[in-house]
Amino acid sequence: MIAEFEAQFIAALQSIFDQFGWFGLAVLMAFENATGLTPSELPLGLAGWILLAAHDAPPVMIFVGGLYAALGSLAGSSVTYWLVRLGGRPLLDRIARWVRLEPSHIRRSETLFKRWGPGLIFFGRLVPGIRTLITIPAGLASMSFPQFLVFTFFGTYIWCTLIIGLGYIIGHEWRLIGDLVGRFTPWAVAGFVVLSSCGLLIHWLIQRRLRLQQVYVKSDEYEEKE
């Protein structure tokens, strides 16, 4: 049953790519980021093979394909962002029931966003299982939309380019990408935690230095008055 569904899904993807090319991939990525219902590895990996490797396209086209995919992802994420931001928790609960999204996953993404801040939007886009969920806490927290756009675009561009590149390199064995991503995920999570911790440490050190400078300035002003 699962194998038959996968075969039908792959056939549908091939038809979309044959008819619409990179624009079709952009639409697929918009749907994936807006709903979280489909894994991005399938369309991205298959695009690397069908739209690039099968046509002997130069490697530089990987970055062009990544741009199309990232723009589609940005459009889909923006839809979810504004729905959550304007509709709030009541609308989010209805959407979660419709797409069968576990409330625990939402709470987990909110906790991560509160802990790591806007930087989660960038680094989280590189972590499977988190990359589509992090739009939700950004909308609930009314994160600056321009900031959301910048972090989302660059994070998704790196992710999409990486998976398309894997599909290009592996070719017709692109199904191995799922296994590669599974092996990569623990390292991505660990890297995210390390980088986020470093960012928090740097932020704390900068704030501490600024506070000390303010104390010194006030102390100097007091001595001058004396």
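Residues numbered from 1 in each chain as written. Predicted model: local features only at pLDDT ≥ 70, side-chain atom pairs only at ≥ 80, totals over all residues. Heavy atoms only, no water.

(A) Local environment of the overall build of the chain. In terms of regular secondary structure, the chain is built from nine helices and zero strands. Ordering the α and β elements of the chain from the N terminus gives α-α-α-α-α-α-α-α-α. Taking as baseline every contact in the chain between residues at least 6 positions apart, the subset at least 24 positions apart corresponds to 77%. Per element, the accessible surface of the chain, about 13,100 Å² overall, is 66% carbon and sulfur. (Helix = DSSP H or I, 4+ residues; strand = E, 2+ residues; numbered from the N terminus. Contact = heavy atoms within 4.5 Å. Areas by Shrake-Rupley, 256 points an atom, 1.4 Å probe, with all protein chains shown as cover.)

(B) Region of the structure containing helix α3 (residues 41-52). A rise of 1.5 Å per residue sets the reference length of α3, with its twelve residues, at 16 Å; its end C-alpha atoms lie 16 Å apart and thus fit the reference within 8%. Burial analysis of α3 places eleven of its twelve residues in the buried class, the great majority of the element. Within the span of α3, buried status applies to Glu41, Leu42, Pro43, Leu44, Gly45, Leu46, Ala47, Gly48, Ile50, Leu51 and Leu52. (Expected span 1.5 Å × (residues − 1). Buried < 20%, exposed > 50% of the residue type's maximum accessible area, 1.4 Å probe, protein only.)

(C) Expanded view of the nonpolar core. Membership of the largest hydrophobic core comes to 22 residues, with the highest contact counts inside it found for Phe17, Trp22, Leu25, Leu44, Ala69 and Ile164. If you list the elements that add at least two residues to this core, you get α1 (2-20), α2 (22-35), α3, α4 (61-98) and α8 (145-170). Once you skip the residues sitting within four places of it in the chain, Leu25 turns out to touch Phe17, Pro43, Leu44, Ala47, Gly65, Ala69 and Ile164. In this structure, Tyr81, Phe113, Val127 and Ala138 belong to the second largest nonpolar core, which totals twelve residues. (Core = buried A, V, L, I, M, F, W, Y, C linked by side-chain atoms within 4.5 Å.)

(D) Spotlight on the environment of Ala75. Turning to its location among the elements, Ala75 is positioned in helix α4. The exposure class of Ala75 is partly exposed, given its relative accessible area of 41%. Sequence spacing of Ala75 and Asn33 is 42 residues, and the spatial spacing of their C-alpha atoms is 8.2 Å.

(E) Region of interest: the packing of α2 against α3. Put simply, α2 and α3 touch, their axes get as near as 11 Å, and they point 180° apart. In terms of axis orientation, α2 runs roughly antiparallel to α3. Only Pro43, Leu44, Ala47, Leu51 and Leu52 of α3 make contact with α2, whose side of the interface consists of Trp22, Leu25, Leu28 and Met29. Residues belonging to the contact of α2 with α3 are distributed by class as follows: nine nonpolar, no polar and no charged. (Axes fitted to C-alpha atoms, helices over the stretch in contact; angles between N-to-C directions. Parallel < 35°, antiparallel > 145°, perpendicular 65-115°, else oblique. Nonpolar A, V, L, I, M, F, W, Y, C, P; charged D, E, K, R; others polar.)

(F) Representation of α2. An ideal rise of 1.5 Å per residue puts 20 Å on 14 residues; α2 measures up with 20 Å between its terminal C-alpha atoms. Every buried residue of α2 is listed here: Trp22, Gly24, Leu25, Ala26, Leu28, Met29, Ala30, Glu32 and Asn33. Once α2 ends, the next one or two residues include Gly36, with phi positive near 70°.

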